Structures are given as structure tokens and as C-alpha cells.
Amino acid sequence: MTDRKGLRRLGRLGRLALLAAALTQAAPSAQTPGGPARQSPRNANYDIDVTLDPAARTLTGSEVITWRNLGTLAAYSVRVHLYWNAFRNTNSTWLKQRKLVGDDAFGDAPEGDFGYTEVATISVLNDDGTDRADLKPVLRYISPDDQNLDDRSLASAELPTPVQPGETLRLRITWKGRFPANFDRTGAIGNYFFVSQWFPKLGVFEAGGWTAHQFFANSEFFSDFGRYDVRMTVPTGWVLGATGVEQSRIDAGAGRTTHRYVQDDVHDFAWTTSPDFIERTARFEHSGLPPVEMRLLLQPEHAGFADRHFTGTAAALRYYGEWYGAYPYGHITIVDPAFQSDSGGMEYPTLFTGGTRWLSPRGSNDPEYVVLHEAGHQFWYGMVANNETERAWMDEGFNEYSDSRVQAEALQPNYFVQRFFGDFIPWQFRDIPLKRATDTNWMNTYRRMGDRDALSTPTFQLWPATHQAQSYHKTALMLHTLERKHTWEVMQKVLSTYFSRWQFKHPQPDDFFAVVEEVTGLPHAWFFDQVYRSSNKFDYGIERLDSEPVSSRGLSDGLTFEDRKSEGTYRTTVVVRRLEAGVFPVDVLVTFSNGEQVREAWDGRARWHAFTFDRPVKAVSAQVDPERVLLLDTNYTNNSRVMAPATEAAATKWSLRWMVWVQDLLMTYAFFV
Ligand SMILES: [Zn+2]
């Protein structure tokens, strides 16, 4: 998802009378079942029929899950996520966790705003599709993460016979779900339906047990790869977008149409439908990369923004493709969510939601940024697919780091924008271009909250308000620090090696750390122990800088008192201090009045170190970490000292930097209130 807030206020100024153009009868896609080369193990395949009742805001679904045990141990049970039960009552783990940080969502919502998933039947099938065993009597809600008996977002059923390694289990589940109203990336508002985390979905069977968690406020998702073959029945004439490509469109009677979409090698499936979408298409082409058909489903009042959605999407496809590896699916769907739908800024396989503000100056990177970010998720979330419930940073942080890089490459200028009058009217500061390293990696959030949790804490156990600072910003700054230490060329090789080795698998943190060590040829445990396993902060500063004539007084040999002053030699003393627990090797650069510069390396381990230099001139300035390699340093303003007052130009520059930080602080604060 995106951490750029304000998407909850996607501007729609009155509904324009632009109705969606007539549905084009899509020709069956070139991507037919069994078509492209197999990219993933495809061990969790879903065959789903679902019908939307827009008036009742319900889904009625039936699915057959074909799951193969890839492990070396038998599975004695299955675990099924029923995510919409997070919206079932105010005691759900999701809503309780939100309340921890003062968000009383649903506190006074009417009954009809609550949502649910209710399993009607669940059974094990024989190969011929007939029922072998009814699991409904043994299906029970479980809450392994917090023992919350009111949470029903996860269920388990014992199997009558275990699934041995290599064996396949076929399950049929029928269910009914009601959309929560307008809530957290799924739900319905008016006749806009965004349908995500909507079907009973298996966990991941690892090391003899199921990795499957309840639905928490910050956690995202983790599933195995497979084929999704989904038939969605909606009112005829409504525009529908989904993971995959449309294979057929059949009249289902009673004014309804069934759209069939198929996609291989993905681990989730989302869709959306509304009569109001207008549709645009464009083709991404770039030499050395496979072409991608881009389909944009746009709110009518945002019709003028289409090129900016395509620009953001193409930027991700191009740069992530060049740097890390090609996007292999051949198509991507961009959804522009309805005003106040709260479904903006979220990624799903081959489909994502962006977000558009009605007033958005060019050069503000809005909506380009959120589109780029969500399109970028196709690579880390979509293909590499780590466990996002426990380690969201391996997706969000990698994506944040990468998209800030793409912004710098492809979306310049990128000016600071402040919004007024209820976050509505934008004012663009054309003298404040945003800097990738700090502004677009959200230095300010990290500075305030980077030490309130450790990155190694499972995401669902992070304090809800620090998830952003950890999973997004600290991780992005950590990767950026590695880049500054080793150069972008090395970092690009790290990430492309990691991407090609782990795509369509499920990497762990150590798998990434191992690639860093392999590509750089250097041990990095000292670094990841601090930034990943601890919550330590980093701050180095120059505590003292002075240059005085060299002198010495005292008793020398023979107990003769001597009082010596060197004419024309100054002793410069620089005291560098490590002000926080974090340790990082740093350079110290001292500049003298004759222009000479001396650079000293310091391992940064002690709490302080004094350097002295005897020179015929005084020093002008001293800097620790002059190139700002350690981007994780939380207070860069103490990194340098000058002898004389700074020039006016320098003061102006610093005041502008501070202004950005202060504004950023206010904007970040505004999100949490
Ligand atoms: Zn994201």
C-alpha cells in the first residue's frame, strides 16, 4: 500500500454526467489457460464463481482450491483466511488494534456498515469432484496471534486424512460475504465496488505448519502462487477490472453478465466493478523489455488525468524492469478509486489502485507517485512475495526505496506541495524540489519514530502507529545507506540478484542479507544486527572544533620550566561524538583556511574521538560523514561545525531544508489525527 496519506480524500467535485462509454466486447485474450511459461510452483490454484448483489452489497461465492503440499512434512489440517470478518464486530483484532491508536472506526457505524464472510459449506473433494468429506463440523475460528475469541478472520479444520508431501488436496468452499462500507481498501460506496481479500484463502504451509495470521491493522498478506480462474457475475453494462485478463463475457440472465478472468503465477486476486468507470488503454514499450498492455479504469471526473496514470505506471515498468527484472505478465490494470472509497493506494497482482486529487499541479508527482509506487509493488510484493504479515518491510521498504529512485530519474521536477482548506487546495513551492534521499524516503518520520520498534518485530506486532516509520521509511533509508556505502551500481546488482533468485519463491530476511554479503563480498552482520535486529538510532556529531597556537608549558628534563610557543603553527582539535547507540564507520573531513582538506577515517565505535592537526593555518570547518553515507543519522545538523559564521547563502539553504522538514512533520501528523 502507499504511505502517502490524503488519498482518503480523493477529490470528486460532483458527479459529472459522463457515463462510461459502451463496454467494448473484449476479444478473448491471447493469454489462454496453460499459455505462458510456468514461472511459479502454482501449488495453490483457485477456481471461483462469484455473484455480486449490488443492492444488498453481498457476494455469493463458490470455489475449488487445489493445493499441493510442497513441503517435506504432512499437513493434518488447513487454515483459511476469512478477512472480511475483520469488519464483523468492534472486538475484531483489526478494530481493537486500530483503537489502540485512537481510531474508533465503526464506533458508531450503523449495522449495515459491518461486513462479514460466512462459510456455508467446506468439503474435501475426490478427483472427480464429488464430496469425500464434510469439514464444516470441524471448522472453527482460531486466533493464534492474540487469543481473541471475538476475532473470526482465521479458521482451521482438521483433515480426515493428512496431505502427504507431494500430494494434492481439493477443497470446495461456498460462502457468502457482505462488503463493509467504505473501509480500508475493500468495500463499497455508492455503486463502486472494490473487491479485495474477499474469498476464503489458504495460508502458506511451511516447515510442517501453516503460516496464517489473523487480520491486523498493519499486516498485509501472504499466500502461495497459483492459477486463478474466476467468474464474476455483475449487472450487465457495468465495467469490471480484475487480476488477469478477460477470457469471456457471457450473459447470465436477469440483467447480469459473467466475466471470466484468468491469471497464472499470482498469489491473490482482486477485482472492481462500477457502471461509472471510463476506460483508457495504452501500451508500454521499451527496448529490452516485454510490452505491457495498460488498462486504466478512471472516475469520470478524472478523465484529464489519464496520461499521468500511464506515466507513473510506465515509469515503474521501465525502471524496475531495467534495474531488477522484467514484468512478465503482459498486462496491468490501474484502478482510480471513487471519492471517499478508502480503496486507494493498494497493490494486487496485475492490478492496483492509484488515487487522484481533483486539483493536482503538474510537477507535484501526484498522482504519478502513488501510481508508480503501487505499480512497483508488482515486483516486490507481486513476484518476490515475502511474508508481508510478518515482514512487510521486505516489500514496502524495498518499494519505497526503489520508487524514490524512479521519481528522481523519471518524474522530475518534483516540487513540494502544501495543501490548504481541508487538504483540498494545493500550493506548490517551486523553489523546493524534493530530494530523493531524504524527502521522498520520509526522513522525518524515521527521525521521530525509527527507534520505537525493531525491524525484526513481526509486522502485525508493531505498534500500529510505527509501522510506517519501520516498514517503509527506516527500510528505505537503510537501503539508501547501503547504496551510499557501496554505490548504486553495487546496490542495483544486489537487488537484481535478489530479485532473480527469489522471484516466485518466498524469501526470508536472511536470504536478502546473504545476497548483500555475496555481491559486496563483505560481512554485513554488524550492520543488519543494528538496523534490523535492534531499534538503535544513529547520530554522529562534531562536538568541538578549535585552532590555537601550538604551545607547551611545564617541567622538562632537569626540571627546567619551559614556556614554548610556536610561531605560526596552530593546533586544530576536532572532537567527534557518537551520540546514539548505533555504530557506523564514518569519515571526518577538516578544511583549513589555506584550502587544504584532511580526511580521517574513524571506526565510530567509541563514544568519542579527538583528532588533532598541527598546521601553519587555522581550520575553517569540520564535518563528520561529509558525504552523508549514513543516511540513518537522525540529526544531520550537528554533523558539521564552522569557525566563522555561515554565509548568508548557506543559512538560506538550511532554512529551506528545515522548512521542508517542518512541513513534512505537519503533514505526517495530519495523517494520524
Ligand atoms: Zn506500498
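In the block above lies the structure referred to throughout.
Residues numbered from 1 in each chain as written. Predicted model: local features only at pLDDT ≥ 70, side-chain atom pairs only at ≥ 80, totals over all residues. Heavy atoms only, no water.

Some points on the pattern of salt bridges
A full pass over the atoms with the stated rule returns 34 salt bridges. Residue Arg42 is joined to Asp264 by a salt bridge in which the shortest nitrogen-to-oxygen separation is 4.0 Å. In this pair, Arg42 sits in the segment before strand 1 (44-53) while Asp264 sits in strand 17 (residues 256-266), placing the two residues 222 residues apart along the sequence. Arg42 gets classed as buried once you look at its relative accessible area, which sits at 11%. Each of Asp47, Asp49, Asp229, Arg231 and Arg260 takes part in a single network of salt bridges with overlapping partners. (Salt bridge = Lys/Arg side-chain N within 4 Å of Asp/Glu carboxyl O. Helix = DSSP H or I, 4+ residues; strand = E, 2+ residues; numbered from the N terminus. Buried < 20%, exposed > 50% of the residue type's maximum accessible area, 1.4 Å probe, protein only.)

Looking at the side chain of Ser471
Looking at the secondary structure, you find Ser471 in helix 6 (residues 467-486). Ser471 gets classed as buried once you look at its relative accessible area, which sits at 1%. When near neighbours in sequence (up to four residues on either side) are disregarded, Ser471 contacts Ala392, Trp393, Glu396, Gly397, Leu455, Thr459 and Leu462. (Contact = heavy atoms within 4.5 Å.)

Section: the pairing of strand 3 (residues 75-81)
Of all seven residues in strand 3, five are buried; the element is thus mostly enclosed. Of the strand pairs in this sheet, strand 3 and strand 7 (residues 154-163) are connected by six bridges, and their pairing is antiparallel. In the strand pairing of strand 7, Ser77 is matched with Glu158. Where strand 3 lies against strand 11 (residues 201-202), two bridges are found, and the strand directions are antiparallel. In the strand pairing of strand 11, Val80 is matched with Leu202. (Pairing = 2+ DSSP bridges.)

Section: the packing of aromatic side chains
The geometry of an aromatic ring pair is captured by two quantities: the separation of the ring centres and the angle between the planes. As enumerated under the stated definition, the model contains 54 aromatic pairs in all. An angle of 85 degrees between the planes, with centres 5.8 Å apart, marks the rings of Tyr540 and Trp602 as edge-to-face. Pair noted here: Tyr540 is in strand 26 (residues 540-556) and Trp602 is in strand 29 (residues 597-602), with a separation of 62 residues, a long-range link. There is no split in this pair, since Tyr540 and Trp602 are both buried. Cation over ring: Arg405 sits above Trp323, and NZ or CZ is 5.5 Å from the ring centre. (Phe/Tyr/Trp six-rings, centres within 6.5 Å; stacked < 30°, edge-to-face > 60°. Lys NZ or Arg CZ within 6 Å of the ring centre and 35° of its normal.)

With respect to the nonpolar core
Counting 156 residues, the largest nonpolar core has Trp67, Trp198, Phe269, Trp271, Phe512, Phe528 and Val574 as the members making the most contacts within it. Looking at which element gives the most residues to this core, the answer is helix 3 (residues 368-384), with ten residues. (Core = buried A, V, L, I, M, F, W, Y, C linked by side-chain atoms within 4.5 Å.)

A word on the pairing of strand 5 (residues 131-134)
A regular strand carries its side chains on alternate faces of the sheet. With three bridges connecting them, strand 4 (residues 116-125) and strand 5 associate as antiparallel partners. Bridge pairing in strand 5 places Ser123 opposite Asp134.

Looking at the sheet that holds strand 1
Here eight strands make up an open sheet; going across it, the order is 5-4-8-2-1-14-17-16 and the pairing mixed. Two strands bound the open sheet, and with one partner strand each, they are strand 5 and strand 16 (245-253). With strand direction ignored, the average angle separating the axes of adjacent strands in the sheet is 20 degrees. (Axes fitted to C-alpha atoms, helices over the stretch in contact; angles between N-to-C directions.)

So yeah, pure geometry; function would need other evidence.
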